[in-house]
Amino acid sequence: MNDEEDLVFEQVLDALHIPEPDQRTKEQVMRAVFFLSVAKEIGAFHASIPGTLLDDLISE
Amino acid sequence: MSSNEHSPDNDLVDAITQGDIQAFEGLYDRYAGKVLKRCFFICANQEEALDLMQEIWIKVFLHLHDFKKQAAFSSWLYRLTTNHCLNYIKSKAHSEQSGTQQTSEELIHEDSTSTIDVHHLLQKLSLEDRTILAMKFMGEYTYEEIASICEISVSAAKMRVSRLITKLREEVNT
């Protein structure tokens, strides 16, 4: 990769003058990530339940 | 073993994969602004760029285990960013096929938060030009990959990137 061309591209991105994402956006992302991590934990918990137990629950 | 293995980014990635959500905030703080700029470069609309950036961070969290540390985390992140934005542009173009199409210039006009600089700079590049530049400098696609995707020869891809960079250099220096 041509470093000089990379540099020009970075300069173009800087020239766009896009402000940093605000705090509210960050909070939204972090909240979503928190919920996803909880969902992952719950998924792992469900996966750890032996299939036969789940079968029993369904038949009830 | 990669020489990148013990970078600050990789330490954060390790912490996240071990369940430390606060470490994710560290990654976000380091790269959110850079990801947003890259989204804006492709879609040329600040509101859309912000939405895309949020989706990308969710994707980062969900796919972090796919990052094998063979390259820098930033390379992996920017490639994910490029692919996500290009998929968005593609699906948007598809859904607009039957409706009224908007050019990137019109989108920039509608975005009241855009500055004159942005308007001036992006107006000079077609969506195809921005896509090629994004693939090359954000997604780190090879010239062979760009040529294959754009259905042009490798030498044409090289020439096009070189021509666009010359154009951008002139813009940045004026």
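Residues numbered from 1 in each chain as written. Chains lettered and ligands numbered in written order. Predicted model: local features only at pLDDT ≥ 70, side-chain atom pairs only at ≥ 80, totals over all residues. Heavy atoms only, no water.

Student: Help me get a handle on the overall build of chain B, residues and values and all.
Tutor: Helix and strand content of chain B: 9 helices and 0 strands. Element order for chain B, N to C, with α for helix and β for strand: α-α-α-α-α-α-α-α-α. The long-range fraction of contacts in chain B, counting pairs at least 24 apart against all pairs at least 6 apart in sequence, stands at 62%. Carbon and sulfur atoms provide 50% of the accessible area of chain B, an area that totals close to 8800 Å². (Helix = DSSP H or I, 4+ residues; strand = E, 2+ residues; numbered from the N terminus. Contact = heavy atoms within 4.5 Å. Areas by Shrake-Rupley, 256 points an atom, 1.4 Å probe, with all protein chains shown as cover.)

Student: Hey, could you go over the overall build of chain A for me, with residue numbers and the actual values?
Tutor: When helices and strands are tallied, chain A shows 3 helices and 0 strands. Shown N-terminal to C-terminal, the secondary structure of chain A runs as helices and strands in the order α-α-α. Every one of the 60 residues in chain A was classed for burial, and the buried ones make up 23%. (Buried < 20%, exposed > 50% of the residue type's maximum accessible area, 1.4 Å probe, protein only.)

Student: Any details on the packing of helix α7 (residues 127–138) of chain B against helix α9 (residues 154–173) of chain B? Residues and values, ideally.
Tutor: Residue and element names in this part refer to chain B. For the pair α7 and α9, the least separation of the axes is 10 Å and the interaxial angle reads 100 degrees. Between α7 and α9, the interaxial angle falls into the category roughly perpendicular. Where α7 abuts α9, its residues E128, D129, I132, L133, K136 and F137 lie against R160, V161, L164, I165 and L168. Residue classes in the contact of α7 with α9 are distributed as 7 nonpolar, no polar and 4 charged. (Axes fitted to C-alpha atoms, helices over the stretch in contact; angles between N-to-C directions. Parallel < 35°, antiparallel > 145°, perpendicular 65-115°, else oblique. Nonpolar A, V, L, I, M, F, W, Y, C, P; charged D, E, K, R; others polar.)

Student: Break down the domain arrangement of chain B for me, citing the residues and quoting the values.
Tutor: Residue and element names in this part refer to chain B. Segmenting chain B into domains produces domain 1 (1–95) and domain 2 (126–174). The C-alpha-based centres of domain 1 and domain 2 are spaced at 22 Å. Carbon and sulfur atoms make up 62% of the area that domain 1 and domain 2 hide from each other, which totals about 1100 Å². As a salt-bridge pair, R79 and E145 come within 3.6 Å of each other at their nearest N and O atoms. Linking domain 1 with domain 2 are 6 residue pairs in polar contact (both at pLDDT 80 or more). Only α2 (21–43) and α4 (73–95) provide two or more residues apiece to the side of domain 1 that touches domain 2. By residue number, the principal contributor to the side of domain 1 that touches domain 2 is α4, which donates 8 residues. When grouped by side-chain class, the residues that make up the side of domain 1 that touches domain 2 number 7 nonpolar, 4 polar and 2 charged. (Domains from an automatic or database assignment. Buried area = accessible area lost by both parts, 1.4 Å probe. Salt bridge = Lys/Arg side-chain N within 4 Å of Asp/Glu carboxyl O. Polar contact = N/O pair within 3.5 Å; in protein donor to acceptor, adjacent residues only side chain to side chain.)

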